[in-house]
Amino acid sequence: MFIDLRVHSLNSSGVDSPARLLREAASLGIKLGLCDGVAYDNALSGIEIKAESKRAMIRALRKSWRRFDYVVVHGGEAKINRAATRDTRVDILAHPYLGRRDSGVDVVVARQAAENGVAIEVDLWSIISAKGIARVRQLQKVHRILLLSRKYGFDIVVTSGAKSRYELRGSKEAEAILTSIGFSQSEARRAIEEVPMEILEKKRLAKQELSRGVRLVED
Amino acid sequence: MRKRYIAFRVESDRSFKREEVVRAIVSSALAMFGEARVAEANMMVLDFDEDEQQGFVVCSHLSVADIIASLSLVSEISGERVHIRTLGTSGTVKALKRKFLNRKRHFINAESTVKFKGKEFVVVRESGECCDALPRDEELINRLKLRKMRFIGVTKSDLRGEEDAADT
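Remember, it's a predicted structure, so these values are computed and weren't measured experimentally.

Rules behind the numbers
Residue numbers here run from 1 along each chain, matching the order of that chain's written sequence. The order in which chains are written sets their letters, starting at A; the order in which ligands are written sets their numbers, starting at 1. Only residues with pLDDT of at least 70 are given local features in this predicted model, and only at 80 or more are side-chain atom pairs given and counted; all residues enter the totals for whole chains, interfaces and linings. Working from all heavy atoms in the structure, the side-chain values ignore hydrogens and water. Each helix is a run of H or I in the DSSP string that is no shorter than four residues. Each strand is a run of E no shorter than two, and both are numbered from the N terminus. Exposure is judged per residue with a 1.4 Å probe applied to protein chains only, and the accessible area is read against the type maximum: over 50% gives exposed, under 20% gives buried, and values in between give partly exposed. Contacts between residues were defined by any pair of non-hydrogen atoms, one from each residue, lying within 4.5 Å. We treat Lys and Arg as the positive residues and Asp and Glu as the negative residues; His and chain ends play no part in the count. For the purpose of locating charges, the reference atoms are NZ of Lys, CZ of Arg, CG of Asp and CD of Glu. Two strands qualify as a pair provided that DSSP identifies no fewer than 2 bridges between them. The axes used here are C-alpha line fits, helices contributing only the stretch in contact, and every angle between their N-to-C directions lies in the interval 0 to 180 degrees. Note: domain ranges come from an automatic or database domain assignment. Put simply, buried area is how much 1.4 Å-probe accessible surface two parts lose in total, over both of them, once they are put together. For this document, the term salt bridge refers to a Lys or Arg side-chain nitrogen within 4 Å of an Asp or Glu carboxyl oxygen. What qualifies as a polar contact is a pair of N or O atoms within 3.5 Å, subject to a donor-acceptor requirement within protein and to the restriction that residues adjacent in sequence count only when both atoms come from side chains.

Caption draft 1: Up close: the overall build of chain B. A count of helices and strands for chain B gives five helices and nine strands. Sequence-ordered secondary structure for chain B, helices as α and strands as β, is β-α-β-β-α-β-β-α-β-β-β-α-β-α. Counting only C-alpha atoms and orienting by the principal axes, one finds that chain B spans roughly 60 × 35 × 30 Å. Each of the 168 residues in chain B was classed as buried or not, and the buried ones make up 49%. In chain B, 59% of the contacts between residues at least 6 apart in sequence involve partners at least 24 apart. Here chain B holds 30 positive side-chain charges and 27 negative ones, and the gap between their average locations is 6 Å.

Shown next, in the form of structure tokens:
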């Protein structure tokens, strides 16, 4: 099952109410994480931190990382890509290629992401919405990230990046798109299902920590 | 060559003619995979029902994933945001129709003004619990325009004022 962790509702920049998105997701057979920066009771909730500087990012992280099921950092700028992958509190670095000519993931970012367990996001909407040469460029960036992930071992997480009900994709559809652009079947399944599950589990455990590396174990 | 039939439904804020849908699907496949691969896949849009907005394509059993990808890579038809949802795959038309093309999604055209989160909307159509509504405030209209859409999506529970369990 596709676990789609970056979907925006009316409460951030989308055009559908959270309840409507959850309904559409159920009919598509996928699980949603609403990335609005609002803590919902009945849905997975995340926050997307959009920061101008490294300092602002860390400030926002400190304030919000415990309140949400996962934390996404809005990537694109080289210094943010680097800062985000350096911090273990960050779960996902979203679209590191946004507004760039390269993939935004270099050797340093790749190594840091693998070391600190930060997943690098590839959003389907950036592939679906691009046409012609723009799509070629986008696919080149995704391909570069895939090659680096094979070499350095960081996780790729695939999301729809949807801001409306028509931008969501089902599990089969997401998998078909990924395999058609060069992911192997097992890589595709890992990116849409296993990695998101691991992110949520890791976060759940991290929230129980009393201090770094110390967790209260109940029996 | 073994054939596979793939059922799909076009979801959008308006209905489309058969020609528009066929053109969009074929050009999406051509753009993504090229003429040689599409020829190899033996793809053809066989049927499209304009009332139900659903239909099916036929292709070779080896290229089912490619065709599903090209269907879901269609993002707009005639300037309107769409999602071509894959309903299922089958080896015969009969089984396809029985399994996937039997359910109808009727939109009831409505027109009522409602309030949601302190803003006024006109509900334009509804299907079961889901309602599509036209916003009146500038900010949301612009947001929709950017997404090439006309209506925002809400549910009846939203309109009844049941909070979507946000605890902020």
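Caption draft 2: Seen up close, helix α3 (residues 78–86) of chain A. Listed as buried for α3(A) are Ile80(A), Asn81(A), Ala83(A), Ala84(A) and Thr85(A). Turning to α3(A), the residues buried within the fold contact α2 (54–64), β4 (70–74), β5 (92–94), α4 (107–116) and β6 (119–123) of chain A.

Caption draft 3: Just the sheet that holds strand β7 (residues 119–127) of chain B, in detail. Residue and element names in this part refer to chain B. Judged by pairing direction, the sheet is antiparallel, and its four strands sit side by side in the order β6-β7-β8-β9 without closing on themselves. This sheet does not close on itself; its edge strands, each paired only once, are β6 (108–116) and β9 (152–155). Each neighbouring strand pair of the sheet contributes to a mean axis angle of 35°, computed without reference to strand direction.

Caption draft 4: Seen up close, the domain arrangement of chain B. All names here are of chain B. When cut into domains, chain B gives domain 1 (3–99) and domain 2 (108–159). Spacing between the C-alpha centres of domain 1 and domain 2 amounts to 28 Å. Between domain 1 and domain 2, the residue contacts involve seven residues of the former and seven residues of the latter. Together, the buried faces of domain 1 and domain 2 total about 680 Å²; carbon and sulfur atoms form 32% of this surface. Of all residues in domain 1, the largest losses of buried area upon contact with domain 2 belong to Asp13, Glu80 and Arg81, amounting jointly to 73% of the total for that side. For the pair domain 1 and domain 2, the number of links is three salt bridges. Among the salt bridges present, the one from Arg125 reaches Asp13, with a minimum N-O distance of 3.9 Å. Summed over the shared surface of domain 1 and domain 2, the result is seven residue pairs in polar contact (both at pLDDT 80 or more).

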